[in-house]
Amino acid sequence: MLEAVLSGFVVSLTAPWWQRIGRAASGWLLAVLPVGLVIYFAQFLGPLTDGTTLVTSDRWLPSLGINLSFHLDGLSLLFALLISGIGALVLIYAGAYLKGHPHLGRFYAYILMFMASMLGVVLADNVITLFVFWELTSVSSYLLIGFDHEREAARAAALQALLVTGLGGLALLAGLVLLGHVGGSWELSVLLGRGEAIRSHSLYQPILLLILIGAFTKSAQFPFHFWLPAAMEAPTPVSSYLHSATMVKAGVYLLARLHPALGGTDDWHYAVTLAGAMTMLVGAIIALRQHDMKQLLAYSTVSALGMLMLLLGLGTILSIKAAMVFLVVHALYKGALFLIAGAVDHETGTRDVRQLGGLRLMMPITAVAGMLAALSMAGLPPMLGFISKELIYEAKLQAPQAGWLITLAGVIANIWIVAVAITVGIRPFLGSAAKTPNQPHEAPFSLWLGPVILAGLSFILGLLPDVLGQALLSPAAGAVRGEPTEIKLALWHGINPVLALSVQTVVCGLVVFAVRHQMRRMPWPRMFTGANVYKLSLDLLNAVARVQTRAVQTGYLRFYLLMLIVTTVGLGGYTLIDRVELNQQSGWSDIRAHEWMIAIMILTATVMVVRASSRLVAVAALGVIGYGVAVIFMLFGAPDLAITQFTIETLAVILFVLVLYRLPRLAALSSSAARVRDAVVALAAGGLMTMLVVAASGVWRPAPLTEYFAQNSLLLAHGRNVVNVILVDFRSLDTLGEITVLAVAAIGVYALLRLRLETAKESSDYDS
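A brief report on the enclosed structure follows.

Parameters at a glance
- Residues numbered from 1 in each chain as written.
- Predicted model: local features only at pLDDT ≥ 70, side-chain atom pairs only at ≥ 80, totals over all residues.
- Heavy atoms only, no water.
- Pairing = 2+ DSSP bridges.
- Helix = DSSP H or I, 4+ residues; strand = E, 2+ residues; numbered from the N terminus.
- Patch = residues over 30% accessible without salt bridge, like charges linked within 9 Å, V, L, I, M, F, W, Y side chains within 5 Å.
- Areas by Shrake-Rupley, 256 points an atom, 1.4 Å probe, with all protein chains shown as cover.
- Salt bridge = Lys/Arg side-chain N within 4 Å of Asp/Glu carboxyl O.
- Phe/Tyr/Trp six-rings, centres within 6.5 Å; stacked < 30°, edge-to-face > 60°.
- Buried < 20%, exposed > 50% of the residue type's maximum accessible area, 1.4 Å probe, protein only.
- Lys NZ or Arg CZ within 6 Å of the ring centre and 35° of its normal.
- Polar contact = N/O pair within 3.5 Å; in protein donor to acceptor, adjacent residues only side chain to side chain.
- Contact = heavy atoms within 4.5 Å.
- Expected span 1.5 Å × (residues − 1).
- Axes fitted to C-alpha atoms, helices over the stretch in contact; angles between N-to-C directions.
- Parallel < 35°, antiparallel > 145°, perpendicular 65-115°, else oblique.
- Nonpolar A, V, L, I, M, F, W, Y, C, P; charged D, E, K, R; others polar.
- Left-handed = near helix turned anticlockwise from the far one by under 90°.

Quick word on the pairing of strand S1 (residues 54–61)
Inference 1: In this sheet, strand S2 (residues 66–72) lies alongside S1 in antiparallel orientation, the contact comprising seven bridges. Paired with Leu-54 across the bridge in S2 is Leu-72.

So this is what it looks like as structure tokens:
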């Protein structure tokens, strides 16, 4: 499975090259990979039917217990097939839709990277591995949404999606870390079996809240739903793939996967159900107020995601079954309708439903696919959407709490969805022909192939639903519930209350569609929505950044050093005083007379450096300080360091004198208050270092490295000088880095000298 996941990343790196070779057929050529993945995953349909799972693991960070482990069961198999199958159709579609685009190869690279990231999310067994792939989907979706980067709207939508899902990702990381801590493992396959211990732990509520934030932001749940419609700035293949079938369902997948460990509590039930119900209603009602086909589909997608969350929140056997069925239904009809919206725009030059009509005559194949997908979206027989809608109504009617209220909310949302389905999938193709910017004609084969396959599957599986239920959906529902679950689907269940609700939904949906223009003109209350909160938060962040920049980023190095020292002294001093007991034994009597003299000499020279009005006096005083330190090294048994210090100080003094003796006397450029401030900061920094030394002198621990180096310097490195052996052998890479820095500096100096010489030569040639 690791190879299946990584294959997408590998091919994405070479996608631009394949695009240059394949040219017009590049989409078909690259689609070979996801088709191969569909075949690979399809071979596990039989083995997974009886509830078995497949787990693979490769070492990644074994010291932290983090592995590249992957887990294939019914749920991950369902998502993997959807990701790979729809990904193949989108690649073929994109080759025709973006034909001639100068960055088509880059688009292929982004979409393949996203596909591989999504496969990593749904197959990952290690929670840290899952998070890594989760964030990769955010990064790759950012690149895809902002693909038309020359447009400001595309850049803003990409940034918005990245910020919202990125903040949710940080919350998810915290929740997953707490989950691993409480569950005692990083592996999902282990954590799912410890649900009782996790739910009874005192950290259960924080874990649930953090994970829900991550899932809600990714799956565009209210109040985070606003980023999804804005992301329609992306090209249509992106909208079809990311925002209907894959990325936005990552949050749904996460909650479905963690249901055995976190579900079944009142906290889970109320939080997930309420968020899902609000999202379902808000998305459906706002959808019908739109005119752009992609916006209509985007808000209806928000509503569908809310429906899925609501079903997971109910947590009953029937609701889990309904969620798995609707997951497939929605991916099929919504993927088809998004692709159809792109085809209509590609051929007519507009996506505005008010300017479309009668396209069945010019685009007959696209019209058939659109109508079939719309029928499934509206929940009409014999489409698979009809079976799904009846199962959802039945699950809501049997909800353990407030079933009638949940059912009422579902009926209201579905009425609006029926009207949206007619508006976007049927109305553009019926009626009299409308005048469009471009003369419409049937889309190329690559543009209608995907919609025909997806809409056709909705029709065929509606006639043969039990094939889907037994082979794919039953193992998925069993994985969500943590126990074997059988799903039996049928097109007809007789006349019952559920059928009555279905008929009522369709009839009311037709009425809403008929009066849609009047409803659009109705005043819409201006609410403090998530989009407003996002805008205010972003504006506040920018305002704080501007103030902070003006206050902190002064452009003066001395000010940056001052802040660094003050921060270090404050944090370090607080920690030292709060946690460390200073050594009370002063040891003043052990200091000998000549040591006092050296210390007084160094302090006196330091004062001279600060107070000197001549650079030469300051250089001489610095030399005294260096020589004093060298004497201390020699007195305390470090002759090598003393000799090095003497050499460096002598060379430094000579060089400073040679360079600085021609410069004018020092001038007082800072005020008296600034000098007092600097003196206080310097004394505080010195005091901190003094306390650190005193604290360290009071702590004794055996030093195993001393004995190790003494024993192994000659044996392993064939050197008797321990210091040299440490520098050359045991710290060879560090020393190599220092040598490299010196070499680079020398090259820079040489280049500057050559530049000066060549400039002087050119000037002399010019004068002559």
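Topic: a nonpolar patch on the surface
Inference 1: A cluster of nonpolar residues, Phe-459, Ile-460, Leu-463, Leu-464 and Val-467, forms a patch on the protein surface that exposes about 460 Å² of accessible area.
Inference 2: Turning to its location among the elements, Leu-464 is positioned in the loop between helix H21 (445–463) and helix H22 (465–481).

Details of the packing of aromatic side chains
Inference 1: Within this structure, the stated rule accounts for 14 aromatic pairs.
Inference 2: When the ring of Tyr-40 is compared with that of Phe-41, the centres are 5.1 Å apart and the planes differ by 65 degrees; the resulting orientation is edge-to-face.
Inference 3: Look at Tyr-40 and Phe-44: their rings are 5.3 Å apart centre to centre, the planes differ by 85 degrees, and that puts the pair in the edge-to-face class.
Inference 4: Taking relative accessible area as the criterion, Tyr-40 reaches 27% and is therefore assigned partly exposed.
Inference 5: Residue placement shows Arg-516 over the ring face of Phe-513; its charged tip is 3.9 Å from the ring centre.

Thoughts on the side chain of Asp-73
Inference 1: Along the chain, Asp-73 turns up in the loop between S2 and helix H5 (74–97).
Inference 2: On the basis of relative accessible area, Asp-73 is assigned to the buried category, the value being 5%.
Inference 3: In this structure the side chain of Asp-73 is engaged in a polar contact, spanning 3.3 Å, whose partner is the backbone nitrogen of Leu-75.
Inference 4: Those residues within four positions of Asp-73 in sequence are excluded, and the remaining contacts are Leu-48, Thr-53, Arg-257 and Ala-479.

Quick notes on helix H30 (residues 672–697)
Inference 1: Relative to the 38 Å expected for 26 residues at 1.5 Å per residue, H30 spans 37 Å between its end C-alpha atoms, a close match to the ideal helical length.
Inference 2: Among the residues of H30, those classed as buried are Ala-674, Val-681, Leu-688 and Ala-695.
Inference 3: On the buried face of H30, the contacting elements are helix H26 (557–579).

Some remarks on the side chain of Ser-319
Inference 1: The topology assignment puts Ser-319 in helix H17 (residues 317–348).
Inference 2: Using a relative accessible area of 0% as the deciding quantity, one classes Ser-319 as buried.
Inference 3: A polar contact of 3.0 Å, which involves the side chain of Ser-319, links it to the backbone oxygen of Leu-311.
Inference 4: The residues touching Ser-319, leaving out its near neighbours within four places in the chain, are Leu-311, Leu-314 and Ala-395.

A look at unusual backbone geometry
Inference 1: Going from Phe-222 to Pro-223, the amide bond is cis rather than trans, its omega being 10 degrees.
Inference 2: Topologically, Pro-223 is positioned in the loop between helix H11 (204–218) and helix H12 (227–230).
Inference 3: Omega for the peptide link from Pro-381 to Pro-382 comes to 5 degrees, which places this bond in the cis form.
Inference 4: Looking at the secondary structure, you find Pro-382 in the loop between helix H18 (364–378) and helix H19 (384–397).
Inference 5: Residue Ala-402 is not a glycine yet carries a positive backbone phi of 55 degrees.
Inference 6: Take Ala-402: it is sitting in the loop between H19 and helix H20 (403–425).
Inference 7: The backbone phi angle of His-718 is positive, close to 60 degrees, even though this residue is not glycine.
Inference 8: Mapped onto the elements of the fold, His-718 is located in the loop between helix H31 (704–717) and helix H32 (722–730).
Inference 9: Given the relative accessible area of 67%, His-718 is considered exposed.

Concerning the packing of helix H1 (residues 2–22) against helix H6 (residues 104–123)
Inference 1: Following both chains from N to C, one finds H1 and H6 inclined at 180 degrees, their axes separated by 7 Å at the closest point. One finds that H1 runs roughly antiparallel with respect to H6. Where H1 abuts H6, its residues Ala-4, Val-5, Gly-8, Phe-9, Val-11, Ser-12, Ala-15, Pro-16 and Gln-19 lie against Leu-104, Gly-105, Arg-106, Tyr-108, Ala-109, Leu-112, Met-113, Ala-116, Ser-117, Leu-119, Gly-120 and Leu-123.
Inference 2: Residue classes in the contact of H1 with H6 are distributed as 14 nonpolar, six polar and one charged.

Remarks on the packing of H17 against H22
Inference 1: Running from amino to carboxyl end, H17 crosses H22 at an angle of 125 degrees, the nearest separation of the two axes being 9 Å. Taken together, the axis directions place H17 and H22 in an arrangement best described as oblique. The handedness of the crossing between H17 and H22 comes out as right-handed. The residues of H22 that touch H17, namely those facing Ile-317, Ile-320, Met-324, Val-325 and Val-328, are Leu-468, Leu-473, Ala-476, Ala-477, Val-480 and Arg-481.
Inference 2: For the contact of H17 with H22, the residue count by class is ten nonpolar, no polar and one charged.

Considerations on the pattern of salt bridges
Inference 1: If you walk through the whole model with that rule in mind, you get twelve salt bridges.
Inference 2: Across the pair Glu-486 and Lys-488 runs a salt bridge whose closest N-O atoms are separated by 4.0 Å.
Inference 3: On the accessibility criterion, Lys-488 (62% relative accessible area) is exposed.
Inference 4: For Arg-677, the salt bridge is made with Asp-678, and the minimal N-O distance between the two is 3.1 Å.

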